[in-house]
Amino acid sequence: MWTTTSGLRGRKLRLAITLTSVIGFSLFGYDQGLMSGIISGNQFTKEFPALYIPPSDSPDYSASYSQHVSVLRGAVTACYELGCFFGAIFTLCFGERIGRTRCSSWWAVSSPVLETVWTRPPSRSGSPSVSRAHNRGFLVCFEGAIIAVGTLIAYWIDFGLSYVESSVQWRFPVAFQIIFAILVSVGAFMLPESPRWFVMQGKDQEALQVLAALNDSSPDAEDVLTDFNLMKADFNAENGAKANWKTLFTFGKTQEFQRMMICCSGQFFQQFTGCNAAIYYSTLLFEQNLNMEHRLSLILGGVFATVYALATIPSFFMIERVGRRKLFLIGFAGQGLSFVITMGCLIAGGTGPTKGAVVGIFLFICFFAFTTLPLPWIYPPEINPLRTRTMAAAASTCTNWITNFAVVMFTPVFSDASPWGIYLFFALVNFIGLPFAWFYYPETAGRDLEEVDLIFAKAHIEKKWPYQIANSMPKLSAEEIAAMLREVGLDHSDPRHSSEHEKAEMAMSSGNSDNEHASNEKN
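Calculation notes
- Residues numbered from 1 in each chain as written.
- Predicted model: local features only at pLDDT ≥ 70, side-chain atom pairs only at ≥ 80, totals over all residues.
- Heavy atoms only, no water.
- Helix = DSSP H or I, 4+ residues; strand = E, 2+ residues; numbered from the N terminus.
- Buried < 20%, exposed > 50% of the residue type's maximum accessible area, 1.4 Å probe, protein only.
- Polar contact = N/O pair within 3.5 Å; in protein donor to acceptor, adjacent residues only side chain to side chain.
- Patch = residues over 30% accessible without salt bridge, like charges linked within 9 Å, V, L, I, M, F, W, Y side chains within 5 Å.
- Areas by Shrake-Rupley, 256 points an atom, 1.4 Å probe, with all protein chains shown as cover.
- Salt bridge = Lys/Arg side-chain N within 4 Å of Asp/Glu carboxyl O.
- Phe/Tyr/Trp six-rings, centres within 6.5 Å; stacked < 30°, edge-to-face > 60°.
- Lys NZ or Arg CZ within 6 Å of the ring centre and 35° of its normal.
- Axes fitted to C-alpha atoms, helices over the stretch in contact; angles between N-to-C directions.
- Parallel < 35°, antiparallel > 145°, perpendicular 65-115°, else oblique.
- Left-handed = near helix turned anticlockwise from the far one by under 90°.
- Contact = heavy atoms within 4.5 Å.
- Nonpolar A, V, L, I, M, F, W, Y, C, P; charged D, E, K, R; others polar.

1. Section: the side chain of Lys 458
Move 1: Tracing the backbone through its elements, the reader meets Lys 458 in helix α20 (residues 449-462).
Move 2: Residue Lys 458 is classed as buried on the basis of its relative accessible area, which comes to 15%.

As structure tokens, then:
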């Protein structure tokens, strides 16, 4: 089994796992920023003339042909999202069976092969062909920051290679992904599988072995057994609360359907508020909407990506202190107003307003980076009940990739047809998100899962909005949670309604009893 640690233990092992994850997230961000700088580059369009749009003042320019090329550009870039969508479906169906490490290694081994095929010189025919609950918010924000760093790397590599007058101009940036993939592959083969996965597969000894290596301890040490028993308690609770897909359409006190739709809406708004229109196409938007020279648009794109990465830093400190709901509201308001600035400047025209339009796009990415970037990924595990958490999270992830595909597909077409209209569209979606978040998004920061269950149950019973209950309900102790669960009629004996502290105590008692029993048998 996948328990190898390559001789690493404790802090060194945790750092190695973190580094491998960082490289993987960087590759994700790199892929997002890759096409922006090369899709309109002279060497790329030279080898793929079907993707070239002549200047608007050229005699060869045709509005209908320009729209046709914009469709092709959108399709070429958006096919990445379709791959991600089907990859998410595959992982949902087979990921738990195969394991995290093997999924990562298989992907990382196949990725260099595909990238080599894509970037090899043309033939003669010319045809190329491991976290805890208390720091979950911080870690998701950290993941978002690393993705932004990957985007930054892609943008500046595209700019640097723009000075190369050969196909290396676009082949090297595409092939550079191989470096990320190889490093992730090496890390996946050299590092252990998740202890939670071992617990789910009934491989308790392997789970203890990995936990001992992570803690630089022994399998029978108290800290290892504590972590192990908590994992067992969570796994048993999830098994006891298992449900089918029909359960997602449950209403009443548990409100499974409403809670799933809240999470899906977060992913919908993340995409249709314009983030990936800007991230995937900022260079193209600067060049196409603002009539900038190609290399200047590449420089602005690199600065844009740098600002994006830096603007993720405030989320580390704000995600728990300010809370999820307020950050959603801040994000929608700030993003909408930013695009209003861009739209107004484009309508006004002229050199000065053009600079104002750039400012609007930069303001948008600043607001997005510390608000709407991490929030839709934090919300699903916090807001969904235990028995539907996996299925609801899968539904929200699929929503992300389908809407991501739609936005990346239509952005070049929309932008070409109406340079300012696309920003009006995204601004309106942001403003629609404001009342939606106000009424439907309750605050979950610092809340146990059972408290979120209570928020929706009490909202149903008292005919109030969930956010009203969340705002008025103080943080509850384990005893208060248990008493209130009985009060609203939720079965406290159900494992999914026992508090985290009670589950931990029961797990510890069970674990200690098992350990004592095993020790007595041994003696």
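2. Notes on the environment of Asp 453
Move 1: Along the chain, Asp 453 falls in helix α20.
Move 2: Look at Asp 453 and you get buried, because its relative accessible area is 4%.
Move 3: Each C-alpha atom of the pair Asp 453 and Leu 490 lies 9.0 Å from the other, and the pair is 37 residues apart in sequence.
Move 4: Separated by 2.7 Å, the side chains of Asp 453 and Arg 259 make a polar contact.

3. Things to note about a nonpolar patch on the surface
Move 1: There is a patch of nonpolar side chains on the surface, built from Trp 156, Leu 296, Ile 299 and Val 303 and spanning about 290 Å² of accessible area.
Move 2: Ranked by residue count, the leading element in the nonpolar patch is helix α13 (residues 294-310), at three residues.
Move 3: Assignment of secondary structure puts Leu 296 in helix α13.

4. So, unusual backbone geometry
Move 1: Backbone geometry at Asp 216 places phi at a positive 50 degrees, although glycine is not the residue there.
Move 2: For Asp 216, the position within the fold is in the loop between α9 (204-215) and α10 (222-240).
Move 3: With a phi close to 55 degrees, Lys 463 is a non-glycine residue in the positive phi region.
Move 4: Take Lys 463: it is sitting in the loop between α20 and α21 (466-472).
Move 5: Residue Lys 463 is classed as exposed on the basis of its relative accessible area, which comes to 68%.

5. Some words on the packing of aromatic side chains
Move 1: Enumeration according to the criterion identifies 42 aromatic pairs in this entry.
Move 2: When the centroid spacing of 5.3 Å and the interplanar angle of 50 degrees are considered together, the rings of Phe 251 and Phe 257 count as tilted.
Move 3: A residue is classified by how much of its surface remains accessible, and Phe 257, at 24% relative accessible area, is partly exposed.
Move 4: The interplanar angle of 35 degrees and the centroid separation of 6.1 Å between the aromatic rings of Phe 367 and Phe 370 together place this pair among those described as tilted. With Phe 367 and Phe 370 both in helix α16 (residues 351-370), this residue pair falls three residues apart, about one helical turn.
Move 5: Phe 370 gets classed as buried once you look at its relative accessible area, which sits at 15%.
Move 6: Between the NZ or CZ atom of Arg 295 and the centre of the ring of Tyr 163, over which it lies, the distance is 4.0 Å.

6. A few points about the packing of α20 against helix α22 (residues 478-488)
Move 1: Running from N to C, α20 and α22 point in directions that differ by 30 degrees, and their axes come no closer than 10 Å. On the basis of the axis angle, α20 is roughly parallel to α22. The way α20 lies across α22 gives a crossing that is left-handed. Counting all contacts with α20, which are made through Glu 450, Glu 451, Leu 454, Ala 457, Lys 458 and Ile 461, the residues of α22 involved are Ile 481, Met 484, Leu 485 and Val 488.
Move 2: Class assignment for the residues of the contact of α20 with α22 results in seven nonpolar, no polar and three charged.

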